[in-house]
Amino acid sequence: MNESELDGITQNTTNVTQDAVCYLGNWDGANHVVFQVAHGAMLVGYLSPDTTYGTLLMHIMLLIGYLVFSAWAWVILCAPDVFSWTFSFMVINGMQVLLTCYRMRPVKFPNDLDEVYKKLFGPLKVPRHIFKKLVSAEYATIMTLHAGEIYATQNVTKTDRLSLLMSGKVNVMSHGQCLHQVFEKEFMDSPEYEANCSTQGDEKFQVSIVAAEPCRYIFWQRSSLAYFCVKEPYVANILGLIIGRDITNKLYAMSDKMKTKQGGRLDLRHPCLTLGTKDGAEDTIIPSRLKNSNDQGYDSNGDEDTDEPECNWKGGVMFPNGKADLPQINVHKTDASYKSSLASLAATSPALRRH
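Cut-off values and rules
- Residues numbered from 1 in each chain as written.
- Predicted model: local features only at pLDDT ≥ 70, side-chain atom pairs only at ≥ 80, totals over all residues.
- Heavy atoms only, no water.
- Core = buried A, V, L, I, M, F, W, Y, C linked by side-chain atoms within 4.5 Å.
- Buried < 20%, exposed > 50% of the residue type's maximum accessible area, 1.4 Å probe, protein only.
- Helix = DSSP H or I, 4+ residues; strand = E, 2+ residues; numbered from the N terminus.
- Contact = heavy atoms within 4.5 Å.
- Polar contact = N/O pair within 3.5 Å; in protein donor to acceptor, adjacent residues only side chain to side chain.
- Expected span 1.5 Å × (residues − 1).
- Arc of directions from axis to C-beta.
- UniProt positions renumbered as here; feature names shortened; annotations may be inferred.
- Pairing = 2+ DSSP bridges.
- Axes fitted to C-alpha atoms, helices over the stretch in contact; angles between N-to-C directions.

(A) The arrangement of the nonpolar core in detail. One finds F121, F131, F187, I218, W220 and L225 to be the most contacted residues of the largest nonpolar core, which totals 31 residues. Elements represented by at least two residues in this core include exactly α5 (111-121), α6 (128-134), β3 (161-167), β8 (215-221), α8 (222-231) and α9 (233-256). Residue contributions to this core peak at seven residues, all from α9. Look past the residues within four positions of F121 in its chain and what remains in contact with it is V116, V126, F131, L134, L239 and I242. The next biggest cluster of nonpolar side chains, apart from the first, holds 16 residues, and it includes L165, V170, V182 and Y217.

Written out as structure tokens, the structure reads:
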């Protein structure tokens, strides 16, 4: 390589280096105002908060920014490659805006279903679109009952469903006697549904349910509801809480109707009373046997009781049979049906034990 060729290479390298490096004195002036507006809009979009509305604002501002950027590249810069990239980004953000708006659309229900949502599911933060799926025709059916029409017959109808009363009122009957009433926004058969979860609905209703006035209710087949709960475990937990609360309210409503001869109200939450029925005798509420931490028995007067009392089980409830000296509280015989149903529900319902 001769000297002239070496000088040419050195000169070219110096020119490339000078063109590549921006010295302070070689800065060009600011770009067009349209360029600045485009980047300002994108800056606002990137500063949006991390919420649903913030995401929507971000994509809207990016859409505006890339739209202005595309106009700048097409009209002022006249660079087709820059225009192609910025226009593509604008289309992507436009699609994101439409998708976010679709997800944020208001989910509306008929008036009766909307009241059910606001009463039971809304306070527990269940999304409206999830509730809409729960009450859709895929899982649920809305039915009506005329006054006097039977929803379930004692010892005949299977417990293979769960029904929520949306409007109206029904009577729960046992052997021709009204135990209690179910009002709107309450489950009609929650105790039977909860107590027979393991039997897949092969058990029969122990009560009859009759419409006291025109009613509308929504019901789920046990299999359909179980399938939905598998797909939505969060809603399954919420539904379990609502059913448990409904069962507890029914049990306390029945206990309110049970009065002693002295006019006192029986309270299921009292830990020292056990409900029992002796054959051929008046219905009694007998204090249960208490134990201390050393498992030492005491009777109701606080005296040590070393003999284990002979016990009978009736209606799922234990009562001592060999303690005639224990104080007894008599209950009116007219409340026998309330007491038998109450004892049966208390013994079979897991929801009561949870609450």
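(B) Layout of the side chain of T100. With respect to the helices and strands, the residue T100 is situated in helix α4 (residues 80-103). The class for T100 is buried, based on a relative accessible area of 10%. Here Q96 takes part through its backbone oxygen, which lies 2.8 Å from a polar atom of the side chain of T100. Not counting residues up to four positions away in its chain, the partners in contact with T100 are T52, L56 and H59.

(C) Here's a closer look at helix α2 (residues 33-46). With 14 residues, α2 should cover 20 Å at 1.5 Å per step; its first-to-last C-alpha distance of 20 Å lies within 8% of that length. Looking at α2, one finds that the buried residues are F35, A38, A41, M42 and G45. Projected down its long axis, α2 carries its buried residues within an arc of 130°, all on one side. The exposed set on the far side of α2, more than 90 degrees from its buried face, consists of V33 and L43.

(D) The arrangement of the UniProt feature "transmembrane region" (unreviewed entry) in the protein in detail. Look at the UniProt record and you will see "transmembrane region" (unreviewed entry) annotated at residues 56-76 and 82-102. Helix makes up 100% of residues 56-76 and strand 0%, whereas the separation of the span's terminal C-alpha atoms amounts to 30 Å. The annotated region residues 82-102 carries 100% helix and 0% strand content, and the separation between its end C-alpha atoms amounts to 31 Å.

(E) A look at the sheet that holds strand β7 (residues 208-211). Taking strand neighbours across the sheet as the criterion, the four strands line up as β2-β7-β4-β5 in an open arrangement whose pairing is antiparallel. Either end of the sheet is taken by a strand with one partner, and the two such strands are β2 (150-152) and β5 (177-183). Here the strands of the sheet are splayed against their neighbours by 30° on average, with no regard to which way each runs. Judged from the six bridges that link them, strand β4 (residues 169-174) and β5 form a sheet pairing that is antiparallel. When the bridges of β5 are listed, V172 appears paired with H180.

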